[in-house]
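Results of the structural survey
Here is how the chains run, residue by residue.
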Amino acid sequence: MTSTPRRPDAGVRPDPTGAATGPDGDAPGRGYLLDNARAEAGERFVWLAELFDGVTRGHFDRLGVGPGSRCWEVGAGGRSVPEALAAAVGPAGYVLATDIDPSWLAAGDGYEVRRHDVAADPPPEPGTFDLVHTRLVLVHVPDRARALATMVAALRPGGRLLVEDADTALQPLACLDDGGPAQRRANRLRDAVRELLARRGADLRYGRTLPRALRAAGLVDVAAAGSFPVGGPACDRLEAATIRHVRGELVAAGLAGDAEIDAHLAAVHAGELDLTLAPLISAWGRRPAEHAPAPG
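What counts as what
- Residues numbered from 1 in each chain as written.
- Predicted model: local features only at pLDDT ≥ 70, side-chain atom pairs only at ≥ 80, totals over all residues.
- Heavy atoms only, no water.
- Helix = DSSP H or I, 4+ residues; strand = E, 2+ residues; numbered from the N terminus.
- Buried < 20%, exposed > 50% of the residue type's maximum accessible area, 1.4 Å probe, protein only.
- Contact = heavy atoms within 4.5 Å.
- Areas by Shrake-Rupley, 256 points an atom, 1.4 Å probe, with all protein chains shown as cover.
- Lys, Arg positive; Asp, Glu negative; His and termini not counted.
- Salt bridge = Lys/Arg side-chain N within 4 Å of Asp/Glu carboxyl O.
- Phe/Tyr/Trp six-rings, centres within 6.5 Å; stacked < 30°, edge-to-face > 60°.
- Lys NZ or Arg CZ within 6 Å of the ring centre and 35° of its normal.
- Expected span 1.5 Å × (residues − 1).
- Bend = angle between axes of the 7 residues up to and from the residue.
- pLDDT = per-residue confidence, 0-100.
- Core = buried A, V, L, I, M, F, W, Y, C linked by side-chain atoms within 4.5 Å.
- Pairing = 2+ DSSP bridges.
- Right-handed = clockwise from strand over helix to strand, strands pointing away.

**Quick look at the overall build of the chain**
Scanning the chain for helices and strands turns up seven helices and seven strands. The order of helices and strands in the chain, counted from the N terminus, is α-β-α-β-β-β-α-β-α-α-β-α-α-β. Counting only residues that meet the buried cut, the chain has 54% of its 296 residues in that class. Counting only contacts in the chain whose residues sit at least 6 apart along the sequence, the fraction spanning at least 24 positions is 74%. Carbon together with sulfur atoms contributes 52% to the accessible area of the chain, which is approximately 12300 Å² in total.

**So, the side chain of Arg144**
Note on placement: Arg144 falls in helix α3 (residues 144–154). For the buried Arg144, which has no salt bridge, the nearest side chain bearing the opposite charge is Asp203, at an N-O separation of 4.5 Å. Beyond its immediate sequence surroundings of up to four residues, Arg144 is in contact with Leu138, Val139, Gly201, Ala202, Asp203 and Tyr206.

**Considerations on the packing of aromatic side chains**
Two aromatic rings, taken as a pair, are described by how far apart their centres are and by the angle between their planes. Going through the model one piece at a time under the given rule, you end up with three aromatic pairs. One aromatic cluster is present, formed by Trp72, Tyr94 and Phe129 through successive ring pairs. Lying over the aromatic face of Phe129, Arg70 brings its terminal NZ or CZ to 5.0 Å of the ring centre. Between Arg144 and the ring centre of Tyr206, over which it is positioned, the NZ or CZ distance is 5.6 Å.

**Focus on helix α1 (residues 39–62)**
In this model α1 runs 34 Å from its N-terminal to its C-terminal C-alpha over 24 residues, within 8% of the 34 Å that 1.5 Å per residue would give. Most pronounced at Phe52, the bend in α1 amounts to some 55°. Backbone geometry just after α1 places Gly64 at a positive phi near 90°.

**Side note on the confidence of the model for the chain**
Of the residues in the chain, 87% have a pLDDT of 70 or more, and the chain-wide mean is 87. Under a pLDDT of 50 for its full length, residues 6–29 has, in the predicted model, 52 contacts with residues more than four places off or in other chains.

**A word on the environment of Gly231**
Structurally, the position occupied by Gly231 is in the loop between β6 (220–227) and α6 (233–252). Put simply, Gly231 and Leu176 are 55 residues apart on the chain and 9.8 Å apart in space, counted from C-alpha to C-alpha. Setting aside its immediate chain neighbours within four residues, Gly231 contacts Leu275 and Thr276.

**Details of the nonpolar core**
Counting residues in hydrophobic clusters, the biggest one holds 33 residues, and the most contacted among them are Leu51, Val246, Leu250, Ile261, Leu273 and Leu275. Listed by contribution, the elements that provide at least two residues to this core are α1, α4 (181–199), α6 and α7 (258–269). Sequence-distant contacts of Leu275, that is, excluding residues within four places in its chain, are made with Ala174, Cys175, Ala186, Val230, Gly231, Cys235, Asp236, Glu239 and Val268. Of all hydrophobic cores here, the second largest spans 28 residues; its members include Trp72, Tyr94, Leu96 and Leu161.

**Some words on the pairing of strand β5 (residues 155–166)**
Pairing analysis gives six bridges linking strand β4 (residues 129–135) to β5, with the strands arranged parallel. Note on β5: the bridge partner recorded for Phe129 is Leu155. For the crossover that starts at β4, traverses α3 and ends in the parallel β5, the hand is right-handed. Of the pairings in the sheet, the one linking β5 to strand β7 (residues 280–286) comprises seven bridges and is antiparallel in character. Among the inter-strand pairings, Arg160 is bridged to a residue of β7, identified as Arg286.

**Quick notes on the pattern of salt bridges**
Taken as a whole and judged by the stated rule, the model has 15 salt bridges. Taking the shortest distance from any N to any O, the salt bridge between Arg156 and Asp130 comes out at 2.4 Å. Placement of Arg156 in strand β5 and of Asp130 in strand β4 is noted, with a sequence separation of 26 residues between them. Close ionic contact of Asp262 with Arg247 constitutes a salt bridge, the shortest N to O distance being 2.7 Å. Placement of the pair is Asp262 in helix α7 and Arg247 in helix α6, with a sequence separation of 15 residues. Residue classification places Arg247 among the partly exposed residues on the basis of a relative accessible area of 21%.

Shown next, in the form of structure tokens:
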């Protein structure tokens, strides 16, 4: 089994809405629910990479990322995608990995690391990137239109933007087969997590809007695809890490009790559930050579 990753430091971490969050996730009800400050964030990065990195790398290949490409990974979180980009672009290319909390990233692994808030800060090195990519970020960002405009402004003319995000309203269940009490409990807890996300400002229907949002941001040649993992150890491990990450918030909000959470985690660890995720919608488009938008 993959060992639990550790970030290099601890302490107070900023969240996407500006509310400070400590390593124990204080300030409940504010900011990014699945913040980077807890150890469970590193576990989630591992299993999200296991589930989705193959999908993401396939899009990189399709969009022409290769030796010499300049790439910006937005809200990188963990190391797997920046490392994949660095391997693809080689020493002649350049990869910038940014996050509002970059403490899980490792500068010197073939990519540059910067702290950056895509919804508040200006684009780094505007007009220079061949590819800008973000995954499972914008659904949590309050000003999504501004974040998109910032990413588009960073593209060179002809550069590509790839945005991948979930649509938890499109498929809200943890267990598609809800024929037993453990499965129904899993679905109740998934509803509770979705409620917490909605209270923090997440758009649970955002994934399906991506093609329209990319066109509204001024991109052309827009297309999209979906990925829908169903079952397996990675889904189980991601579920366990997520529930442990938000356990305190679930209990504090009265959305679940400790006994219910313990029973669910026991069922997950025993392999009794066929857990699934919301679809990941990947959408991409090209910045035209003329009349490119600026961030607004």
